[in-house]
Amino acid sequence: MTVQLNHTIVAAHDKRASARFLADILGLEVSAPYGPFLPVEISNGVTLDYMDSPGAITPQHYAFLVSEEEFDEIFARIQRAGLTYWADPFHSRPGEINHNDGGRGAYFDDPDGHRLEIITRPYGSGGS
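Computed from a prediction, not measured in an experiment: that's the story for all the values here.

K.L.:
Explain the environment of Ile-97 to me, please; I cannot follow it from the model alone.
P.N.:
Following the sequence through the fold, Ile-97 ends up in the loop between strand 5 (85-86) and strand 6 (105-109). Not counting chain neighbours up to four residues away, the residues in contact with Ile-97 comprise Phe-71, Phe-75, Tyr-85, Ala-87, Arg-104, Gly-105 and Ala-106.

K.L.:
Which parts of the structure should I look at to understand the pairing of strand 4 (residues 61-65)?
P.N.:
Working note: regular strand, side chains alternate between the two faces of the sheet. Here strand 4 shows a buried face lined by Tyr-62 and Phe-64 and an unburied face lined by His-61, Ala-63 and Leu-65. Bridge count for strand 4 against strand 7 (residues 115-119) is five bridges, and the pairing is parallel. Counted as the bridge partner of His-61 is Arg-115 from strand 7.

K.L.:
Looking at this model, I keep getting lost on the pattern of salt bridges. Mind explaining?
P.N.:
When the charged atoms of two side chains lie near each other, side chains of opposite charge can form a pair. Considering all chains together, one arrives at five salt bridges under this definition. Two residues, Glu-68 and Arg-104, come together in a salt bridge whose shortest N-O distance is 2.8 Å. Linking Glu-68 in helix 2 (residues 68-80) with Arg-104 in the loop between strand 5 and strand 6, this pair joins segments that are 36 residues apart in sequence. Owing to a relative accessible area of 39%, Glu-68 belongs among the partly exposed residues under this scheme. Residue Arg-104 is classed as buried on the basis of its relative accessible area, which comes to 19%. Here Asp-72 ties to Arg-104 by a salt bridge, and the two come within 2.8 Å at their closest N and O atoms. Here Arg-104 lies in the loop between strand 5 and strand 6 and Asp-72 lies in helix 2, a separation of 32 residues in the sequence.

Basis of the calculations
- Residues numbered from 1 in each chain as written.
- Predicted model: local features only at pLDDT ≥ 70, side-chain atom pairs only at ≥ 80, totals over all residues.
- Heavy atoms only, no water.
- Helix = DSSP H or I, 4+ residues; strand = E, 2+ residues; numbered from the N terminus.
- Contact = heavy atoms within 4.5 Å.
- Buried < 20%, exposed > 50% of the residue type's maximum accessible area, 1.4 Å probe, protein only.
- Pairing = 2+ DSSP bridges.
- Salt bridge = Lys/Arg side-chain N within 4 Å of Asp/Glu carboxyl O.

Following this line, the structure appears as structure tokens:
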């Protein structure tokens, strides 16, 4: 058996709102609750399991590899939602996308401050 990531827990102040945000932006579905978790399944079978967390939330980074067509669709949703987006993880290039490795990428934040990223090429896969 090869090692695969199966799920990760995502802390949220409102798991329903946060799971719905991710699902709506990426064009996915929110799954049925599983115990205290509200999962959003990605096409490779990995789930992001949202869980209500009181108090401060430490922002995490979640990157999603998407096709060129999916990038266009997701990026259009980001713009329609009026979300700020950046070309870099440090939020120093607002309103821009990047072209790392010959693809396209953009960063945006979820309602809890988690740094989300969409990319069309894996890092280190070529191009500049």
